[in-house]
Amino acid sequence: MISMLQLIVLAGVLMEMAKRDLQGYVKAFLAGVIFLIPVTLQLSLQYSQIYFVTMFCVSFLLKKHEKLSLCGWMFEFYFFVGILSCFFDFLTYPLVALGFVLLVHFILEREHSETWSRFMHIGEYSVAWGLGYVGIWCVKWILATLLLRENILRDAILQVLYRSSVESSDSGVTEIITRKDALLANFHLLVQSKVFIAVICIWALYIACKMLRSRFVMRNKKPNLLFFGGGVHRYRPAAVCMDSFNG
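The following paragraphs examine the structure supplied in this document.

Rules of the game
- Residues numbered from 1 in each chain as written.
- Predicted model: local features only at pLDDT ≥ 70, side-chain atom pairs only at ≥ 80, totals over all residues.
- Heavy atoms only, no water.
- Patch = residues over 30% accessible without salt bridge, like charges linked within 9 Å, V, L, I, M, F, W, Y side chains within 5 Å.
- Areas by Shrake-Rupley, 256 points an atom, 1.4 Å probe, with all protein chains shown as cover.
- Salt bridge = Lys/Arg side-chain N within 4 Å of Asp/Glu carboxyl O.
- Helix = DSSP H or I, 4+ residues; strand = E, 2+ residues; numbered from the N terminus.
- Core = buried A, V, L, I, M, F, W, Y, C linked by side-chain atoms within 4.5 Å.
- Buried < 20%, exposed > 50% of the residue type's maximum accessible area, 1.4 Å probe, protein only.
- Contact = heavy atoms within 4.5 Å.
- Axes fitted to C-alpha atoms, helices over the stretch in contact; angles between N-to-C directions.
- Parallel < 35°, antiparallel > 145°, perpendicular 65-115°, else oblique.
- Nonpolar A, V, L, I, M, F, W, Y, C, P; charged D, E, K, R; others polar.

1. Some words on a nonpolar patch on the surface
Part 1: Among the surface-exposed residues, V139, I142, L143, L146, L147, L148 and L153 lie close enough to one another that they form a single nonpolar patch of about 700 Å² accessible area.
Part 2: Considering each element in turn, the nonpolar patch owes the most residues, six residues, to helix 7 (residues 115-148).

Quick look at the structure:
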């Protein structure tokens with residue numbers, strides 16, 4: 001059931017991207033979704049919640065971007081995204097919602113804002129998201145403390161420290177888990193999937209073929225076009241993968 005809902009929601013987002021003439025970014029978007037490990041999402045209600053929040057917010061942004069910008073409601077929109085992330089997430093990976101929405105947002109504004117302005121907006125909208133996310137937690141803790149007349153704030157702070165620490169004692173044995181260990185464990189889970197490995201191999205082959213084809217075409221261009229291409233390729237190395245995705 002969850003897998004069907006995942007596909008329906010994802011299809012809705014891709015349709016909105018097509019309406020916005022963003023077909024060139026679909027492959028990159030799907031690559032990001034793949035790294036969320038769809039198999040885990042469909043088997044776990046805990047990990048699927050933030051996926052649905054992310055897709056819903058991205059779809060809403062694609063539909064209402066102009067209205068939000070014209071009315072000056074973008075800060076409030078990210079604040080609401082933070083509230084949704086806090087309300088539905090089970091302390092898994094809430095920053096994914098912010099990251100996906102920010103990426104789609106700045107793709108939509110790629111031709112209407114300067115680079116420095118984009119970085120300023122990233123900070124501003126991240127603060128808005130953080131206020132919504134942390135604010136809801138604080139309100140729940142304060143209300144619980146007032147209603148139950150217990151020090152829920154102290155318990156909450158202890159839980160935050162425990163979940164953000166590098167020590168784990170769930171199995172009865174205390175062990176140190178570093179960020180590197182966590183990343184390696186997640187990557188190991190990915191490479192165990194034959195479907196994922198096949199997708200990555202096909203993708204790498206596609207990018208390699210496209211790069212070779214691009215070089216072949218450039219060699220057959222006239223000298224004046226080669227000069228222009230040389231200017232373009234001054235910044236191409238840093239974005240060669242994105243160019244491949246956008247093709």
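2. Topic: the nonpolar core
Part 1: Within the largest apolar cluster, 43 residues are counted, with the highest numbers of intra-cluster contacts made by F29, F77 and Y78.
Part 2: Only helix 1 (2-19), helix 2 (26-34), helix 4 (45-71), helix 5 (74-88), helix 6 (95-108), helix 7 and helix 8 (152-163) provide two or more residues apiece to this core.
Part 3: Setting aside its immediate chain neighbours within four residues, F29 contacts L10, V13, L14, M17, M55, V58, F100 and V104.

3. Observations regarding the pattern of salt bridges
Between side chains of opposite charge, pairing is possible as soon as their charged atoms come close.
Part 1: Inspection of every chain in the model, using the stated rule, returns three salt bridges.
Part 2: Measuring nitrogen to oxygen at the nearest pair gives 3.6 Å for the salt bridge that ties E16 to K19. Highlighted residues: E16 and K19, both in helix 1, separated by three residues, approximately one helical turn.
Part 3: Since its relative accessible area comes to 10%, E16 is described here as buried.
Part 4: Residue K19 is classed as exposed on the basis of its relative accessible area of 63%.
Part 5: Where E66 meets R20, a salt bridge forms, and the shortest distance between an N and an O atom there is 2.5 Å.

4. Some points on the packing of helix 7 against helix 8
Part 1: At their nearest, the axes of helix 7 and helix 8 sit 8 Å apart, and the two run at 140° to each other. The orientation of helix 7 with respect to helix 8, classified from their angle, is oblique. Two secondary-structure elements touch here, helix 7 through W141, A144, T145 and L148 and helix 8 through I152, L153, A156 and V160.
Part 2: In terms of residue class, the contact of helix 7 with helix 8 is made up of seven nonpolar, one polar and no charged.

It is worth stressing that arrangement in space is one thing and function is another; only the former is reported here.
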